[in-house]
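# Report on the structure
The primary structure of each chain is shown beneath.
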Amino acid sequence: MSNIDTMTTVLRTQGLRKEYGREASLVRAVDGVDLEVARGETVAIMGPSGCGKSTLLYLLGGLDRSSGGEIWLDGQELGRLSERGLARLRRDAIGFVFQAFHLMDELTAVENVELPALLAGRSPRAARRRALGLLDRVGLADRARFLPAQLSGGQRQRVAVARALVADPAVVLADEPTGNLDSAATREVLRLFDQLHQAGQTLVIVTHDPRIAATADRIINMRDGTFVDQTMLQGGTSGRLGSLYALEG
Amino acid sequence: MQQGAVLAMLAKEPAHGYQLRARLREALGPVGEDMNDGQIYVTLTRLEKAGLVTAEQEPGLADRPDRKVYALTAAGQRRVADWLAEVSWPKPDLAEFHLKLVAAAAAGLADPITIIDTQRRELLRRLRDAQRAALAEPDDAPAALLLEGMVLRLQADLRWLEACEQQWTNQTGKYEP
C-alpha cells in the first residue's frame with residue numbers, strides 16, 4: 001500500500017527557525033526544525049496549541065518568512081526566492097487546505113476549484129476540465145454548480161481539497177482540515193485524505209485531531225517549537241482489533 | 001492489587017505497610033478509596049515469596065503486616081523498571097498508567113514524559129488500525145458503529161495523555177535522572 005519513494009525528498013528543512021518579538025519577550029515559535037518528507041509520504045505534525053505547528057506550516061508553504069534555517073521545496077530554497085518567485089512556487093508546487101475552507105462564497109464549487117488554474121494562466125476550457133475531473137475525484141461531480149452555502153461542511157472541505165490539487169502540487173499542506181467538522185463530515189474527509197495518500201500525493205498535515213493524523217505514515221509530536229517524538233505508522237500493525245477492548249483473551 | 005504498582009510505590013524508599021497504603025491512597029485520591037487493604041498485603045506476601053521484596057519485622061512491634069518494613073530487592077528494582085517500560089492498554093486501565101507516572105517521577109526512575117510518549121505511539125498505532133478498519137466498512141454497516149466506538153475511545157485516551165503530558169511537563173524538575 002505504500003507509495004513512498006524514499007529516494008526522493010520533496011520537502012526538506014534544516015535548522016528552521018521563526019522568532020517573534022525580541023529580548024525578554026522573544027518567542028521562539030519554531031526552534032530549529034529539521035524535517036524531510038519523501039515523495040508520496042504523508043506526515044502529520046501534532047502538538048498542543050501554541051507549540052508552533054501552524055507557524056511551521058506557514059513557513060513550509062511560503063506564507064511567512066523564516067528567521068533562520070532553510071526550506072527546500074521542489075529543488076528551490078524558499079529563503080532565496082523573491083516575493084514573486086515565492087508566489088509562483090506557492091501557485092505551482094503547493095496546495096493548501098485550511099480549517100475554515102476559505103472558499104469564495106459567490107463562486108460555485110467548480111469555479112472555486114478552477115480559479116487557481118485560471119490565475120495561473122490556463123485556458124478557461126482546460127481549467128474547467130481539470131476542475132470537473134477533480135470534483136469527480138473527491139466525489140462531488142454532481143455538486144459542481146452548487147454554491148458553498150448549499151454544501152455541507154464535509155463537502156466544502158472536499159471542494160477545498162480539489163482546489164488544492166488543481167496545479168498537481170508537489171505537496172499539499174493542510175492546517176487542521178477536520179477542525180471545523182462533525183464526526184460524519186470528518187469521516188468523509190478522512191476517506192479523501194486516505195485516498196490521496198494511496199494515490200501517492202505528498203501530504204503534510206498539521207492537526208490536533210488524532211483521527212486525521214492516524215491516516216499518516218508518520219506522526220511527529222511537536223512541543224515548544226521543536227520536534228520531540230515520532231511515531232511510524234506505515235507498514236505492520238501493532239495488534240489485533242479484538243485486543244483493543246478485551247474482546248479476546 | 002497490581003504487582004507492578006505495589007512494587008513501584010517502594011522504589012523511592014522502603015516503607016511500612018501503612019505508609020505504602022498511604023502512598024497508594026495519595027496517588028489515587030478518591031479512586032483509591034475503595035482499595036482493599038487486605039489485597040495489598042496478599043500482593044506483598046506474594047512479592048516476598050517471589051523474592052521481589054523483603055519484609056522486615058521491626059523489633060518490639062506487633063507481628064502485623066502493616067508494621068513490617070517492605071523494601072525492594074535487586075530483582076524487585078528490575079521488575080519495576082520493566083513495568084514502567086511495558087506498554088499495555090488492553091483494557092483501559094487508567095489507574096495503573098497513572099501510578100506508573102507517579103511512581104516514575106517520585107522515585108526518579110524514568111521521565112514521565114517518555115512513558116507518555118511511548119504510550120501515545122502505541123495508541124496512535126491502534127487508532128490507525130481501528131480507523132483503517134472503520135473506513136473500509138460502509139457507513140451503514142453495524143460493525144462501523146463498533147469501530148467508531150473504538151476510535152472514539154482511543155481518541156479520549158489520547159486526549160487524556162495530552163492532559164498527562166501537560167501536567168507532567170509543568171512538574172519537570174521533580175524528575176532527576
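Note that the coordinates shown come from a computational prediction; the quantities given were computed from them, not determined experimentally.

## Some words on the sheet that holds strand S9 (residues 218-223) of chain A
Paired through their backbone hydrogen bonds, the strands of a sheet run either parallel or antiparallel. Residues and elements named next belong to chain A. Read from one edge to the other, the open sheet built from six strands follows the order S6-S7-S8-S3-S9-S10, with strand pairing classed as mixed. The sheet is open, and its two borders are formed by strand S6 (94-97) and strand S10 (226-232), each paired with just one other strand. With strand direction ignored, the average angle separating the axes of adjacent strands in the sheet is 20°.

## Observations concerning the pairing of strand S2 (residues 27-39) of chain A
Residue and element names in this part refer to chain A. Here strand S1 (residues 5-20) pairs with S2 via ten bridges, running antiparallel. Of the residues in S2, the one forming a bridge with Tyr20 is Val27. The turn joining S1 and S2, which pair antiparallel and follow one another in sequence, is formed by six residues; a positive phi near 70° is taken by Gly21.

## Focus: the nonpolar core
Proteins that are soluble and globular tend to have nonpolar side chains buried together. In terms of nonpolar packing, the biggest core is built from 74 residues, with Ala44, Val113, Leu135, Val171, Val204 and Ile205 of chain A touching the most fellow members. Excluding anything up to four places from it in sequence, Val204 of chain A contacts Leu11, Val37, Val43, Leu57, Leu60, Val171 and Leu173 of chain A.

## Details of the environment of Ala144 of chain B
With respect to the helices, strands and loops of the structure, Ala144 of chain B is situated in helix H7 (residues 142-170). With 17 C-beta atoms counted inside 10 Å, the residue Ala144 of chain B sits in the partly exposed group.

## Concerning the domain arrangement of chain B
Many analyses report the size of an interface as the accessible area lost when the parts associate. Looking at chain B, the domain boundaries give domain 1 (1-86) and domain 2 (111-177). Distance from the C-alpha centre of domain 1 of chain B to the C-alpha centre of domain 2 of chain B: 30 Å.

## Topic: the confidence of the model for chain B
For chain B, per-residue confidence averages 83 on the pLDDT scale, and residues scoring 70 or more make up 93% of the total. The complex prediction reports pTM at 0.79, with the ipTM value standing at 0.78.

## Comments concerning the packing of helix H6 (residues 112-136) of chain B against H7 of chain B
All names here are of chain B. The contact between H6 and H7 brings their axes to 9 Å, and the two run at 165°. Taken together, the axis directions place H6 and H7 in an arrangement best described as roughly antiparallel. You can see that H6 and H7 cross each other, and the crossing is left-handed. Split by residue class, the contact of H6 with H7 holds 17 nonpolar, three polar and five charged.

## Remarks on unusual backbone geometry
With the exception of glycine, most residues fall at negative phi, and the peptide bonds are largely trans. All names here are of chain A. The residue Glu23 is not glycine, and still its phi comes out positive at about 45°. We classify Glu23 as exposed; it has 5 C-beta atoms within 10 Å. Within the chain, Phe101 stands out as a residue other than glycine whose phi angle is a positive 65°. Mapped onto the elements, Phe101 comes out in the loop between S6 and helix H3 (109-119). Of the residues examined, Phe101 has 21 C-beta atoms within 10 Å and is grouped as buried.

## Observations regarding the confidence of the model for chain A
Detailed reading of the predicted coordinates is not advisable wherever pLDDT is low. Across chain A, the average pLDDT comes to 90, with 93% of residues at 70 or higher. Taken together, the stretch residues 242-249 of chain A has pLDDT below 50 and engages in ten contacts with residues farther than four places along the chain or on a different chain.

Calculation rules
Residues numbered from 1 in each chain as written. Chains lettered and ligands numbered in written order. Predicted model: local features only at pLDDT ≥ 70, side-chain atom pairs only at ≥ 80, totals over all residues. Pairing = 2+ DSSP bridges. Helix = DSSP H or I, 4+ residues; strand = E, 2+ residues; numbered from the N terminus. Axes fitted to C-alpha atoms, helices over the stretch in contact; angles between N-to-C directions. Core = buried A, V, L, I, M, F, W, Y, C linked by C-beta atoms within 7 Å. Buried ≥ 20, exposed ≤ 12 C-beta atoms within 10 Å, placed from the backbone. Contact = placed C-beta atoms within 7 Å. Domains from an automatic or database assignment. pLDDT = per-residue confidence, 0-100. Parallel < 35°, antiparallel > 145°, perpendicular 65-115°, else oblique. Left-handed = near helix turned anticlockwise from the far one by under 90°. Nonpolar A, V, L, I, M, F, W, Y, C, P; charged D, E, K, R; others polar.

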